[in-house]
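Geometric and topological summary
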Amino acid sequence: MTQQHLVGAPGQLPGRSALQRLVACDPDTFAERHWGREPLLSRAADLPGGFDDLFSEAAVDELVSTRGLRTPFLRVAKEGTTLGDRAFTAPGGVGAGIADQVSDDKLAVLFADGATLVLQALHRTWPALVDLASELATELAHPVQVNAYVTPPQNRGFDDHYDVHDVFVLQVAGEKRWRIHEPVHPSPLRDQPWTAHREAVAAEAARPPWLDETLRPGDCLYLPRGYLHAATALGGVSTHLTVGVHTWTRQHLAEKVVAELLAATAEDPDVRGSLGLGVSPDDAPATADDLALVVQRLTAALGRVEPDAVADRMAGPVRAAGRAEPVGPLAR
């Protein structure tokens, strides 16, 4: 791959779609060339507009000082390690009965000492990002979340790692140098974190990066899940948004196919039959004929799986992964 592949075409006009705010190429090109395959760096000059309307440093101060945030809506990290909650929380004061409210004075000390602030789930707490996440999730047909990372100058919040979801990195303020390495475990599933490949990640991170670029305000970087990355703030405070896309995968379909097969074999009296008297299921020779029958019935059932049945089984998880339209209890 060459770095020429990373620079998109001139940006689309504002208001076309949520995706077109983030990528400097048309949606079809993004889908065919980059989605789940290859990073894309889109410069501010090639995008319809900046991200000032979405978030700001003033928004960070408002959230941590006056909104009464509690964990886990905030994390704090330093030199690759996530700090314990007690390092940045305190009781909520008289009458609150809350023991883990974010403490702005503790945060000020930690931030001055080089810690990164991670504001989590902004797609639930900050109106402009609620709207962006909703629109993008509808457009992509995949669940979306939004976090913000605020890093002091010359500091790095997390060591090289990969995410189990795709991300769009939106640089809001300051500058941050990103070093990207190719995957050691391509397309990881949600239960396959980078820590399971710690040695391979460290070895790959020691090699020259596949991409080494500085993001400036208005720039956006798309990273498919699995790509290793680490970022360092340059010159001043850096604030960026990470829009995480928790992609649906073929593995999700496979799980529902298996559920269909088990439902089918549960209706088969031969499969429901007992193993022979004195036969233990961990005795391979003794259960060989029983296993052959099960495999034969599963194979037959596999040929009868209908796409509509699998889609029906996916409907519940899809609903659960998305946020329903907000309901105001008093307004109702």
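The coordinates are above.
For the structure given in this document, a descriptive report is provided here. These numbers come from a predicted model, not from an experiment. (Residues numbered from 1 in each chain as written. Predicted model: local features only at pLDDT ≥ 70, side-chain atom pairs only at ≥ 80, totals over all residues. Heavy atoms only, no water.)

1. Notes on the overall build of the chain
The number of helices and strands found in the chain is 10 helices and 11 strands. Projected onto its principal axes, the C-alpha coordinates of the chain cover approximately 75 × 60 × 50 Å. Pairs at least 24 residues apart make up 81% of the contacts formed inside the chain by residues separated by at least 6 positions. Charge centroids of the chain, computed over 30 positive and 44 negative side chains, lie 2 Å from each other. (Helix = DSSP H or I, 4+ residues; strand = E, 2+ residues; numbered from the N terminus. Contact = heavy atoms within 4.5 Å. Lys, Arg positive; Asp, Glu negative; His and termini not counted. Charge placed at Lys NZ, Arg CZ, Asp CG, Glu CD.)

2. Things to note about the packing of aromatic side chains
To describe a pair of aromatic rings, you give the distance between the ring centres and the angle between the ring planes. Within this structure, the stated rule accounts for seven aromatic pairs. Look at W35 and Y222: their rings are 6.4 Å apart centre to centre, the planes differ by 15°, and that puts the pair in the stacked class. Remark: Y222 occurs in strand β10 (residues 220–223) and W35 occurs in the loop between α1 (27–34) and β1 (40–42); sequence separation between them is 187 residues. The rings of F30, W35, F168 and Y222 are connected pair by pair, giving a single aromatic cluster. Over the face of the ring belonging to W248 we find R190, whose NZ or CZ atom lies 5.2 Å from the ring centre. (Phe/Tyr/Trp six-rings, centres within 6.5 Å; stacked < 30°, edge-to-face > 60°. Lys NZ or Arg CZ within 6 Å of the ring centre and 35° of its normal.)

3. So, the nonpolar core
In this structure, F55, L119, L122, F168 and L241 are the most contacted members of the largest nonpolar core, which totals 46 residues. Counting residues per element, this core draws most heavily on helix α5 (residues 127–140), which supplies five residues. Apart from the residues within four sequence positions on either side, F55 is in contact with V60, L63, L119, L122, W126, L129, A148, V172, T239 and L241. Residues L41, W178, L211 and L215 belong to the second largest nonpolar core, which totals 12 residues. (Core = buried A, V, L, I, M, F, W, Y, C linked by side-chain atoms within 4.5 Å. Buried < 20%, exposed > 50% of the residue type's maximum accessible area, 1.4 Å probe, protein only.)

4. As for the environment of F111
With respect to the helices, strands and loops of the structure, F111 is situated in helix α3 (residues 104–112). It is 8.9 Å that separates the C-alpha atoms of F111 and V76, two residues lying 35 residues apart in sequence. With near-sequence residues (within four places) excluded, F111 lies in contact with L117, V150, T151, P152 and V237.

5. Section: helix α2 (residues 57–66)
Those residues of α2 that fall on the buried side of the exposure criterion are A59, V60, L63 and V64. Take α2 and look down its axis: the buried residues cluster within an arc of 115°, on one side only. Away from the buried face of α2 by more than 90 degrees, exposed residues A58, D61 and T66 are located. Those residues of α2 that are buried are in contact with β5 (101–102), α3, β6 (116–119), α4 (122–125), β7 (144–151) and β11 (228–245). One or two residues past the end of α2 sits G68, with phi positive at roughly 65°. (Arc of directions from axis to C-beta.)

6. Details of the packing of helix α7 (residues 250–265) against helix α10 (residues 307–321)
How two helices pack is summed up by the angle between their axes together with the distance between the axes. Between α7 and α10, the shortest axis-to-axis distance is 9 Å and the interhelical angle comes to 115°. For α7 against α10, the interelement crossing comes out right-handed. Facing H252, L253, K256, V257, A259, E260 and A263 of α7, the residues of α10 in contact are A309, V310, R313, M314 and P317. (Axes fitted to C-alpha atoms, helices over the stretch in contact; angles between N-to-C directions. Left-handed = near helix turned anticlockwise from the far one by under 90°.)

7. Looking at the side chain of H240
The topology assignment puts H240 in strand β11. Classification of H240 as buried rests on a relative accessible area of 3%. Separated by 3.4 Å, the side chains of H240 and K176 make a polar contact. In terms of polar contacts, H240 uses its side chain to reach the side chain of T242, at 3.3 Å. Aside from chain neighbours lying at most four places away, what touches H240 is N147, A148, Y149, V169, L170, Q171, V172, K176 and W178. (Polar contact = N/O pair within 3.5 Å; in protein donor to acceptor, adjacent residues only side chain to side chain.)

8. Remarks on the packing of α7 against helix α9 (residues 284–302)
The contact between α7 and α9 brings their axes to 9 Å, and the two run at 120°. Between α7 and α9, the angle is such that the two are oblique. Our pair here, α7 against α9, has a crossing hand that is right-handed. Every residue of α9 that contacts α7 at V257, L261, A264 and T265 is listed here: L298, A301 and L302. Looking at the contact of α7 with α9, its residues break down into six nonpolar, one polar and no charged. (Parallel < 35°, antiparallel > 145°, perpendicular 65-115°, else oblique. Nonpolar A, V, L, I, M, F, W, Y, C, P; charged D, E, K, R; others polar.)

9. Quick look at the pattern of salt bridges
The full count for this structure, using the stated rule, is 12 salt bridges. For D100, the salt bridge goes to R70, with nearest N and O atoms at 2.7 Å. On the criterion of sequence distance, the pair formed by D100 in the loop between β4 (89–90) and β5 and R70 in the loop between α2 and β2 (74–78) is long-range, its members being 30 residues apart. Relative accessible area serves as the criterion here: at 38%, R70 is assigned to the partly exposed category. When the shortest N-O distance is used, the salt bridge between E175 and R216 registers 3.4 Å. (Salt bridge = Lys/Arg side-chain N within 4 Å of Asp/Glu carboxyl O.)

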